[in-house]
Each structure stands twice: as C-alpha cells, then as structure tokens.
Amino acid sequence: MTGDFRDAIKLFREYDRIIIHRHTNPDGDAIGSQTGLRLLLRATYPGKEIYAVGDPAGRYAFIPCSAPDEIPDEMYDGALAVVLDTSATQLISDGRWERAKATLRIDHHLFISQFCGTEIIGTEYESCAGLITEMARQCDMQMTPEAAYALYTGIVTDSGRFRYDSTSARTFELASYLMTFGVSISEIYGNLYAENLERLKLRAKYTGKIKLTEHGVGYIYTTRRQLEATGVAAHSISRGMVGIMSDIQGIDIWVNFTECDDGVLCEIRSSKYNINPVAVKYGGGGHAKASGATLGSRRDAMRLLGDLDKMAAGDADILQ
C-alpha cells in the first residue's frame, strides 16, 4: 500500500466539511465504500458536515443512506473532497471535486497517475470497502451497524462473493470484523442475487449472443439499436452481462461491448491474464483481471478485441 491512513485521519480532523465522491455507473464497491465512509465519518466526527455525491445508487439503493446528496457549488469552498474507488479523473462522478480546498483519494485499482493532493492506494485489497474497513479498524473510527452493512456489501461484490483471486485471508478477517456489528448476510445476498424472471430471460438471450475470436476470446457486442430494444440501461447491459461469459470452459478472456450515448462501453475480464494494460492502452483502467474502458467507435472496439486475441495467442507485442 502507498500512503498512510494517518494522513487521511489528519485531513478528516482538519476539515469541517467533507464531500465524498466515487466513480460513475457505481457498482457495489463504489456505493458500499462511499456510504460506509460517510456513516463512519458522521459517527466519528458528529460535529462535521459530511456529504456524498454522484449519480444514483441504482440497484444498490437497498444500502441504507446510499442516496446521494444534492449540494450547491459553494459547498466546496474550504472543503475536503474525497475520491473513492476511482483510478482516473474522467471516471469520477461529479467533476466539482476539483473545486475543493484539499483532495484525498482512497483506491484499490492499479495505479495510473496521481490526481489528488493526498493518496492512499492499496492494490493488494480486494475492494475499496475493504481498504476503508481496514482504516476504520486501525484508526479506531466509530463503526456503526449501517456502515458495516455498506462496507460488507462492497467487499462481497468486488470479491465476487469471495471467489476472485484478489480474495485473501485478510478479506475474510475484515468481513468477520464487520459481521460483529450485526450484518445480515442473508439480507445482503437476497438483495444482490435475487433476479426477476425478465432479467433471467435477458441473461439467457445474451448467453446466445456469445461469440469467440480465433484464439478463444469470448465477446458480446450490443449495438445502440439492440440496447434500445432491451429497454434496459446501458450500464446494466455492459457490466451486468459480462459475467455470463465467466466459468465457461476454454474461455480465459472475455469482453462485453455496449454502444450508448457515451461511446462503446467495454468491460474486460480474465481468469488467467493481466488484461489491464490493454484497457489502459484504450484510455481505461481497473484491475489485473477486471478492467474497463469507454471507446469512441466500433472500430476501436474491434481493435481492442484484436489485442485481446493476440494476448490469448501469446503475442507479447500487443501494447506497441
């Protein structure tokens, strides 16, 4: 880990107004870590103003206190902005973080560049929520049942229900610590994994769309017209359907492309290779085996797919 939790605590103590950001199109870790930190700070420093901003929580709105705050621009004057679970500035939800007097980033993604005044980067952690939990435990922050619920949700989602390679003994230790505050895992899992019939039908439809490259890279491509026909948000297709290609024998790299107003959303996963450099090459980032990018065109998407196919074929020159 780079950075020191004590530097974050010093900033928390110094500033009376703290505004917490995370990445756009939030996943469970983004919402869990943001909500968890908001509740931790409110309990630890009851006299301070603590806000969380960004786009709506979406399917993670079941996490208590996860609804974002709406605040005017002047609230950033003299404030501390905290950016969580985000590896690049273009991914931050609500660009006003730059207006703050001081900035702090806490993240677990692979490092690309520094953009905050103080940064704590723990790539060895399975989730940003795990990183926040460790800080709370080491620095004697006031944990609450609601904060523990949010942080546990972040840990369980970004560890793939404790299945991904990033899961370690510490992951279970932190999860155990949070459970001592009364976390109901049956309630969390019920909210996370219960699916309605229409969603199951959509997953079945997308399973039939899986194609393979010459060297076995699995991929799905959804055009804008096809997306509109589903009646589902782009992010729900992009991130929500990439998982249907996991656990298929013989597919070690898989990628989901989704055309939308922002470009072509690209979610890349692998059970074997470090695909992050490919994502970075195309302006994205993330983790070694789970990364993403937003591309400008279908042509760019096919170029990226070609690089992944070369990776699967053992070509070491794909980044040149």
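Bear in mind that the values here come from a model prediction, so they are computed numbers and not experimental data.

## Side note on the side chain of threonine 213
Inference 1: Along the chain, threonine 213 falls in the loop between β6 (211-212) and β7 (218-222).
Inference 2: A polar contact of 3.0 Å, which involves the side chain of threonine 213, links it to the backbone nitrogen of valine 217.
Inference 3: Discounting residues that sit within four places of it in the chain, threonine 213 has contacts with Tyr219, Leu305 and Asp309.

## Some words on the environment of isoleucine 19
Inference 1: Relative to the elements of secondary structure, isoleucine 19 occurs in strand β1 (residues 17-21).
Inference 2: You can call isoleucine 19 buried: its relative accessible area is 0%.
Inference 3: Residues isoleucine 19 and valine 53, spaced 34 residues apart in sequence, show a C-alpha to C-alpha distance of 7.2 Å.
Inference 4: Leaving out residues up to four positions away in the same chain, isoleucine 19 has contacts with Tyr51, Val53, Ile71, Met75, Tyr76, Ala79, Leu80, Ala81 and Val82.

## Observations regarding the pairing of strand β4 (residues 102-107)
Inference 1: Counting buried positions over the six residues of β4 gives six, a clear majority of the element.
Inference 2: On β4, burial covers both faces: Ala102, Leu104 and Ile106 on one face and Thr103, Arg105 and Asp107 on the other are all buried.
Inference 3: Inspection of the sheet shows strand β3 (residues 80-84) paired to β4 by five bridges, in the parallel sense. Pairing of valine 83 across the sheet is with arginine 105, part of β4.
Inference 4: Relative to strand β5 (residues 118-121), β4 runs parallel, the two being bridged by four bridges. By the bridge assignment, arginine 105 is partnered in β5 with glutamate 119.

Scoring rules and cut-offs
Residues numbered from 1 in each chain as written. Predicted model: local features only at pLDDT ≥ 70, side-chain atom pairs only at ≥ 80, totals over all residues. Heavy atoms only, no water. Helix = DSSP H or I, 4+ residues; strand = E, 2+ residues; numbered from the N terminus. Polar contact = N/O pair within 3.5 Å; in protein donor to acceptor, adjacent residues only side chain to side chain. Contact = heavy atoms within 4.5 Å. Buried < 20%, exposed > 50% of the residue type's maximum accessible area, 1.4 Å probe, protein only. Pairing = 2+ DSSP bridges.

Everything listed here is a matter of coordinates, which is why it stays silent on function.
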